[in-house]
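The lines below spell out each chain.
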Amino acid sequence: MFSVSKLKTFKSCPLKYKYSYVEKWTAENGEVSEVTTKGLALHETFERYQTGFDEQTLNQIFNEQKELNPVDETKYKVREGLERFYIFWNEFVAQKEKEGYVVKKEQEINGTIMDEPFIGFIDLLLEKRDSNGKLEKMIILDYKTPQSINTDLYYHQLNMYAYILGTAEGMTIK
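What you see is a predicted model, and the numbers here were worked out from it, not measured in a lab. (Residues numbered from 1 in each chain as written. Predicted model: local features only at pLDDT ≥ 70, side-chain atom pairs only at ≥ 80, totals over all residues. Heavy atoms only, no water.)

1. A few points about the overall build of the chain
Scanning the chain from N- to C-terminus turns up six helices and three strands. Sequence-ordered secondary structure for the chain, helices as α and strands as β, is α-α-α-α-α-β-β-β-α. Across the chain, the fraction of contacts at a sequence separation of at least 24, relative to all contacts at a separation of at least 6, is 53%. Element-wise, carbon and sulfur atoms account for 53% of the exposed surface of the chain, whose accessible area totals about 11,700 Å². (Helix = DSSP H or I, 4+ residues; strand = E, 2+ residues; numbered from the N terminus. Contact = heavy atoms within 4.5 Å. Areas by Shrake-Rupley, 256 points an atom, 1.4 Å probe, with all protein chains shown as cover.)

2. Looking at the pairing of strand E1 (residues 102–113)
Here E1 runs beside strand E2 (residues 116–129); their pairing, made up of eleven bridges, is antiparallel. When the bridges of E2 are listed, Gln 107 appears paired with Ile 122. The turn linking E1 back onto E2 is made up of two residues, and Met 114 within it adopts a positive phi angle of 50 degrees. (Pairing = 2+ DSSP bridges.)

3. Considering the packing of helix H4 (residues 55–68) against helix H5 (residues 78–98)
Across the interface, H4 lies against H5 with an axial gap of 10 Å and an inter-helix angle of 135 degrees. Relative to H5, the element H4 lies oblique. In the packing of H4 onto H5, the handedness of the crossing is right-handed. In this structure, H4 contributes Glu 55, Leu 58, Asn 59, Phe 62, Asn 63 and Lys 66 to the contact, and H5 contributes Val 78, Arg 79, Leu 82, Glu 83, Phe 85 and Tyr 86. Here the residues of the contact of H4 with H5 sort into six nonpolar, two polar and four charged. (Axes fitted to C-alpha atoms, helices over the stretch in contact; angles between N-to-C directions. Parallel < 35°, antiparallel > 145°, perpendicular 65-115°, else oblique. Left-handed = near helix turned anticlockwise from the far one by under 90°. Nonpolar A, V, L, I, M, F, W, Y, C, P; charged D, E, K, R; others polar.)

4. A look at unusual backbone geometry
A negative phi angle characterises most non-glycine residues, just as the trans form characterises most peptide bonds. At Glu 106, a position not held by glycine, the phi torsion is positive, near 50 degrees. Tracing the backbone shows Glu 106 in strand E1. For Asp 115, which is not glycine, the phi dihedral falls at a positive 65 degrees. Residue Asp 115 is classed as exposed on the basis of its relative accessible area, which comes to 72%. (Buried < 20%, exposed > 50% of the residue type's maximum accessible area, 1.4 Å probe, protein only.)

5. What to know about the environment of Leu 125
Here Leu 125 lies in strand E2. For Leu 125, a relative accessible area of 1% translates into the label buried. Counting along the chain gives 23 residues from Leu 125 to Val 102, while the straight-line C-alpha distance between them is 8.1 Å. Those residues in contact with Leu 125 that sit more than four places away from it in its chain are Val 102, Val 103, Lys 104, Gln 107, Met 138, Ile 139, Ile 140 and Leu 165.

6. Focus on the sheet that holds strand E3 (residues 135–141)
Taken in spatial order, the three strands make up an open sheet running E1-E2-E3, and their pairing is antiparallel. With partners counted over all chains shown, the strands left at the sheet margins are E1 and E3, one partner each. Sheet twist, expressed as the average angle between the axes of neighbouring strands with direction ignored, equals 50 degrees. Pairing between E2 and E3: six bridges, direction antiparallel. Of the residues in E3, the one forming a bridge with Glu 127 is Met 138.

7. A word on the pattern of salt bridges
This model, assessed by the stated rule, comprises eight salt bridges. Here Arg 129 makes a salt bridge to Glu 169, at a shortest N to O gap of 2.7 Å. Of this pair, Arg 129 sits in strand E2 while Glu 169 sits in the segment after helix H6 (155–168), and the two are 40 residues apart along the sequence. The class of Arg 129 is partly exposed, set by a relative accessible area of 31%. Exposure remark for Glu 169: the relative accessible area of 35% places this residue in the partly exposed category. (Salt bridge = Lys/Arg side-chain N within 4 Å of Asp/Glu carboxyl O.)

So this is what it looks like as structure tokens:
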């Protein structure tokens, strides 16, 4: 079964793919990188955030997550990221909720791409359905905490998610 991370690993280094996914090698010390713990702390914070929470609550949630997944705040500007997330949520997501969109977090999707099974996880999915339950619109969002603001690397990932969700709803590529 393929996933976005498996495909990215294979594209960047087929040998790493072989060791990681075919032979299932893992690090002996079991340590998780600081970039991973930063991402986990932020993802868990965003997953727990809801419309109506204030910025203080957002920071409180993050502080709790930081206890589980340490983040070096002198190295990473996570508080600035939290401020941006707060603005994004209140100016975009909360507005979409007012327009009738339903917020879904951490949505597992399964499907087939080119006859190969595919699995993925959508961080944030906004869906709007008509009175008969038919999907009218969907917005797929994926949280990233990269060093660069270049979003080109994520274009194909979001398209794969849209394809899987769309085909499950009976939509065509057009």
